[in-house]
Each structure stands twice: as structure tokens, then as C-alpha cells.
Amino acid sequence: MNDSSWGSPPHAGSRTGYWGPADQGPVQGAAPAGPAYDAPEAQQTRPMPIVPNVPAHGGHQDDDRGAARLGGPLFPADSYGDAFYGAQPHGDVARRHDTPSAQPSAAVPQNPEPMPDAPLPAPAPQKKSAGRDLGAAIGVGVGLGVVIVASLFVVKAVFVGVVAVAVVVGLWELTSRLQERKGIKAPLVPLAVGGAAMVVAGYVRGPEGAWVAMALTALAVLVWRMTEPPEGYLKDVTAGVFAAFYVPFLATFVALMLTADDGAFRVMTFLVLTVVSDTGAYAVGWRFGKTKLAPRISPGKTREGLLGAVSFAMVAGALCMQFLIDDGTWWQGLLLGFAVAASATLGDLGESMIKRDLGIKDMGTLLPGHGGIMDRLDSLLPTAPVVWLLLVLFVGSG
């Protein structure tokens, strides 16, 4: 046995060291050797541990009988050492665990605390969120639908007034956000007056009236801005002309659809297809969307959502053209639905680009669950001229 595992030989002059004289080996007739703390005579010996040769399992280093010992439930005084580590006897050194307090290693309580590097529990899966208050959004949507349908099929002129009011509110939201976020002062007064006049002129005088009203509105913006200092004139009038084209001029095509004999059904087809396209994109994209459509513009839109928009709109277009539009056929409705899905998606992305440039999420807060008026017109405005043109090509101007 390697004595370095348990200590050095006793010093000369010891009474009965447990090894005896160096040239004689163990003393004849001596009691069996054991750990230093088991032999009373070992109090005058002091075996010194050799640190580098400590066994890998932690080993036992004998101490004096009078040395301080660890106490407590994990370190019982009479079982400290090999009983704690579970070591086995070596060579002719017998381990005596005949004291009542000696305990096997299995009885030693273990540390219940987790190791520092224990893996953390996996987080609970998060449920997909709609991102808006669906209850408020549905309620507001139903209310707007009732107003639109009632005005559309009762008195057409009332519906034209509803469109004009929506245009004015949309212009106010757009110009307010431009001034707040970019310091651009597009003149609201000529835009509001000219925008409302544009919608009415389109309904009364047709496309020619709409173009004339658009030109006069742009001229009014240029003149109105001259009453203020010249600094920022170019960017202000540019933003004003853009706003006049983007909101009231595109909305004028809704009034143009209304002038046909079946104008109410044409407008209804336009509204239904746009809403169905948005609903299909939302439902399919929320449930199955994985591949981003335009992550730099609108991270929430997916290609799967676009496919949903196209599918829903084509089915709705076939039904509307077959049953609502005079002389319409189902295959025309498929083409119309496909075009509406494309234009509505591009319109939504276009306003998302504007809002991203302005650093805002919504254009306003007028409609709970929806944002502002412009957040509802984003897909309707660019879709209106597309539907008007295709209906004229398919069934005439009426």
C-alpha cells in the first residue's frame, strides 16, 4: 500500500506508532491498525497529508483527535471521512465503522438545490395574438357597413356625402401626421375643400369633372402656401399635391362607379371584394403564415396571406359578377377578384411604407380597433380605379 494515500510515517520517539520501526514493519501483536481517529494512542502522532496524491474521489486525510471537525446533518462527527465519500478499505488498513453514529453513504442527505449549470425549463409556447382589439374592430366594422349600405341603397347622394366626409377626415389625418413627424405643412384648407369638390364633380360630371377638380385643387395648394414664408415651400406644396391625388382623386372613382344604372351593386362589389381580400389575407396569414412577403415594409404580411387574399377574392368576385352585376359572368369575376387582391395588397403596403417613414403605427385613433380613417382607406383607395376600369371593360359604363 502506498502510505502517501493516508499520511507519512510517525516521527521518531512515538510511543506505539501504527507502523512500528521502519525496519521491522508493523509491530507484532499490536491491535489492527485503523484510521488515526480510531486509535487512542494516535493522539501523539501527526500524519501529514500529501496533497498532490489525493485520490480522485476526494480521499480521507487523518486529523488529530483534538482537531476541529465539521458538524451538522451533512457532516456527523463520527462518520466524517470515508463514510461520507463512500470509499472502500485499502490494503491491510481495516475500516472500522462499528460506532453507533456511523452511517452508510446512501444515508447522507443530498443537496436538493439544482446545479448552477442546470438547464432552465423551456418557456411555455406563446399563443398567436391578433394584434388588435377584435371585439372593437368587428363592432366598428359592422357599424360602418350599416351606414354605407343604408346610404348606398336609399339615396345615392347621401353615399356621395359619406365618401366626401371620409376624404376630408383622411386628409386631416395625413397632413397632421406629416406636420408632426416631418415638419411638412401641407395646406389643409384647400385640400379639404378641393377634395370634397373632386368627389362631387366626379359623380355629377364624370371623369372630366374629376380631372378638372384635381387640377384646380393642386393650383389652390400652390397659391395658399404663398401666404407663408418661402422656407420649405417646395416640400409643402409637393406633399399637398401628393395628398390631393392619393386621397380624394382615387376616391372619386367610387363616385364614378355609382353613376351607372347598377351603380349601387358595382360599389357593393368593390367594397365586398376589398373586404374579403383583406379578411382572407388576415385569416390565412395569421393561421399558416411563415414566409414574409415584404419584411422591410410590413413584417406581418406573408406570402401565405397573399395566397389567401387571392383565393378569397377570386371566389367572391365570381359570385358577385354572376349575381350582382348586369351582364357579368363568373370568369370575369375571377379576373376581377385577382386584380382586387393585388391592388389591395399593394395599397396596404404603400401606406405601410408611408407610416414606416413617419415612424408611426396608425394614422389616427378615430376608429377603435382599426386606427384612423386612412388605416381603412389604404386598400380601398388604389382598388377603386382598378375595379372601375375592369367593370367598364367587362360590362360597359352603364
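Per chain, residues are indexed from 1 in the order of the written sequence. Two thresholds apply to this predicted model, a pLDDT of at least 70 for residue-level local features and 80 or more for giving and counting side-chain atom pairs, whereas whole-chain, interface and lining totals are computed over all residues. Each side-chain value is derived from all of the structure's non-hydrogen atoms; neither hydrogens nor water enter the calculation.

Undergrad: Report on the overall build of the protein, specifying residues and quantitative values.
TA: A run of H or I in DSSP becomes a helix once it reaches four residues, and a run of E becomes a strand once it reaches two; helices and strands are each numbered from the N terminus. The number of helices and strands found in the protein is ten helices and two strands. Listing each helix as α and each strand as β along the protein from the N terminus yields α-α-α-α-α-α-β-β-α-α-α-α. Whether a residue is buried, partly exposed or exposed follows from its accessible area with a 1.4 Å probe, protein chains only, as a fraction of its type maximum: under 20%, in between, or over 50%, in that order. Considering the protein as a whole, with its 398 residues, one finds that 38% of them fall into the buried category. Contacts are assigned to residue pairs with any non-hydrogen atoms lying within 4.5 Å of each other. Across the protein, the fraction of contacts at a sequence separation of at least 24, relative to all contacts at a separation of at least 6, is 68%. Surface exposure here means Shrake-Rupley accessible area, sampled with a 1.4 Å probe, where a residue is shielded only by the protein chains that are shown. Accessible surface for the protein amounts to roughly 22,700 Å². Of this, 65% is attributable to carbon and sulfur atoms.

Undergrad: Please provide a residue-by-residue account of the packing of aromatic side chains, values included.
TA: When we look at a pair of aromatic rings, we describe it by the centre distance and by the angle of the planes. Only Phe, Tyr and Trp rings are paired, with Trp represented by its six-membered ring, and only when their centres lie within 6.5 Å; those with planes under 30 degrees apart are stacked, over 60 edge-to-face, the remainder tilted. Throughout the structure, instances matching the rule amount to seven aromatic pairs. Aromatic pair W211 and F249: ring centres 4.6 Å apart, planes at 55°, arrangement tilted. Separated by 38 residues along the polypeptide, W211 in helix α4 (residues 188-225) and F249 in helix α5 (residues 233-258) bring together distant segments of the chain. Residue classification places W211 among the exposed positions, given a relative accessible area of 54%. Through a chain of ring-to-ring contacts, three or more aromatic side chains come together here, namely W211, F245, F249, F253 and W388.

Undergrad: Mind laying out α4, listing which residues take part and the relevant values?
TA: In this model α4 runs just 10 Å from its N-terminal to its C-terminal C-alpha over 38 residues, more than 12% under the 56 Å that 1.5 Å per residue would give. What we call the bend at a residue is the angle made by axes fitted to the seven residues finishing there and the seven residues starting there. Taking the largest bend as the criterion, α4 deviates by roughly 150°, centred on R205, and proline P207 comes between one and four positions later. To estimate the expected span of a helix, count its residues, drop one, and scale the result by 1.5 Å.

Undergrad: Outline the confidence of the model for the protein, supporting the account with residue identities and numerical values.
TA: Detail in the predicted coordinates should be disregarded across regions flagged by low pLDDT. The score called pLDDT rates the predictor's confidence residue by residue, from a low of 0 to a high of 100. Of the residues in the protein, 66% reach a pLDDT of 70 or more, and the chain-wide mean stands at 78. Within the model, pLDDT remains below 50 along residues 1-45, and this stretch shows 50 contacts once partners closer than five positions in the same chain are excluded. In the predicted structure, residues 53-108 sits below a pLDDT of 50 and forms 65 contacts with residues beyond four places in sequence or in another chain.

Undergrad: Got a sec to walk through the nonpolar core? Specific residues and values, please.
TA: Soluble globular proteins: nonpolar side chains tend toward being buried together. Side-chain atoms within 4.5 Å link the members of a nonpolar core, which is a set of buried Ala, Val, Leu, Ile, Met, Phe, Trp, Tyr and Cys residues. Counting residues in hydrophobic clusters, the biggest one holds 61 residues, and the most contacted among them are M257, V267, F270 and L336. With 15 residues, the top contributor of residues to this core is α5. Not counting the four nearest positions on each side in its chain, F270 is found in contact with V254, M257, L380, T383, A384 and V387.

Undergrad: Tell me about the packing of helix α8 (residues 330-358) against helix α10 (residues 380-395), residues and numbers included.
TA: For any two helices packed against each other, one specifies the crossing angle of their axes together with the interaxial distance. Axis definition: a line fitted to C-alpha atoms, limited for helices to the stretch in contact. Angles are taken between N-to-C directions and run from 0 to 180 degrees. Interaxial distance between α8 and α10 falls to 8 Å at its minimum, and their mutual angle equals 160°. Classified by the angle between their axes, α8 and α10 sit roughly antiparallel to one another. Like other packed secondary-structure pairs, α8 and α10 cross with a definite hand, here right-handed. Contacts between α8 and α10 involve Q332, L335, L336, A339, V340, S343, A344 and G347 from the first element and P382, T383, V386, V387, L390, L391, F394 and V395 from the second. Partitioned by chemical class, the residues of the contact of α8 with α10 number twelve nonpolar, four polar and no charged. Here is the rule for angles: anything less than 35 degrees is roughly parallel, anything more than 145 is roughly antiparallel, 65 through 115 is roughly perpendicular, and the remaining ranges are oblique. Crossing handedness: left-handed means the near helix sits turned counterclockwise from the far one by under a right angle, and right-handed means the same turn made clockwise. Residues are grouped as follows: nonpolar covers Ala, Val, Leu, Ile, Met, Phe, Trp, Tyr, Cys and Pro; charged covers Asp, Glu, Lys and Arg; every other residue, Gly included, is treated as polar.

Undergrad: Would you mind going over the pattern of salt bridges in detail, with residue names and values included?
TA: Between Lys or Arg on one side and Asp or Glu on the other, a salt bridge is scored when a side-chain nitrogen of the former is within 4 Å of a carboxyl oxygen of the latter. Evaluated as defined, the whole model comprises six salt bridges. Between R225 and D236 there is a salt bridge, and its shortest N-O distance comes to 2.7 Å. With a gap of eleven residues between them, R225 in helix α4 and D236 in helix α5 connect regions that are remote in the sequence. The residues R225 and D236 share a single accessibility class, namely buried.

Undergrad: Talk me through unusual backbone geometry; I want residue IDs and the actual numbers.
TA: Here D327, not a glycine, exhibits a phi torsion of approximately 65°, which is positive. Relative to the helices and strands, D327 is located in the loop between α7 (303-323) and α8.

Undergrad: Just give me the short version of the side chain of D378, but keep the residues and values in it.
TA: For D378, the position within the fold is in the loop between α9 (373-377) and α10. Apart from the residues lying within four places of it in its own chain, the contact partners of D378 are Y246, G347, D348 and E351.

Undergrad: Before we move on, can you summarise α10 with the specific residues and values?
TA: The end-to-end C-alpha distance of α10, which contains 16 residues, comes to 22 Å, matching closely the 22 Å that a straight helix rising 1.5 Å per residue would cover. Looking at α10, one finds that the buried residues are L380, L381, T383, A384, P385, V387, L390, L391 and V395. Packing partners of the buried residues in α10 comprise α5, α6 (263-288), α7, α8 and α9. One or two positions beyond α10, positive phi appears at G396, with a value near 90°.

Undergrad: Residues and numbers for the side chain of T383, please.
TA: Within the secondary structure, T383 is located in helix α10. A distance of 3.1 Å separates a polar atom in the side chain of T383 from a polar atom in the side chain of S343. Excluding residues that lie within four positions of it along the chain, T383 makes contacts with F270, T274, V340, S343 and A344. A 3.5 Å cut-off defines polar contacts: any pair of N or O atoms within that distance qualifies, except that in protein one atom must be a possible hydrogen donor and the other a possible acceptor, and neighbouring residues in sequence count only when both atoms are side-chain atoms.

Undergrad: Go over the packing of α4 against α5, please, and point to the residues and values.
TA: The geometry of α4 relative to α5 is characterised by a closest axis approach of 9 Å and an angle of 170° between their N-to-C directions. In terms of axis orientation, α4 runs roughly antiparallel to α5. Residues that form the contact of α4 with α5 fall into these classes: 22 nonpolar, six polar and two charged.

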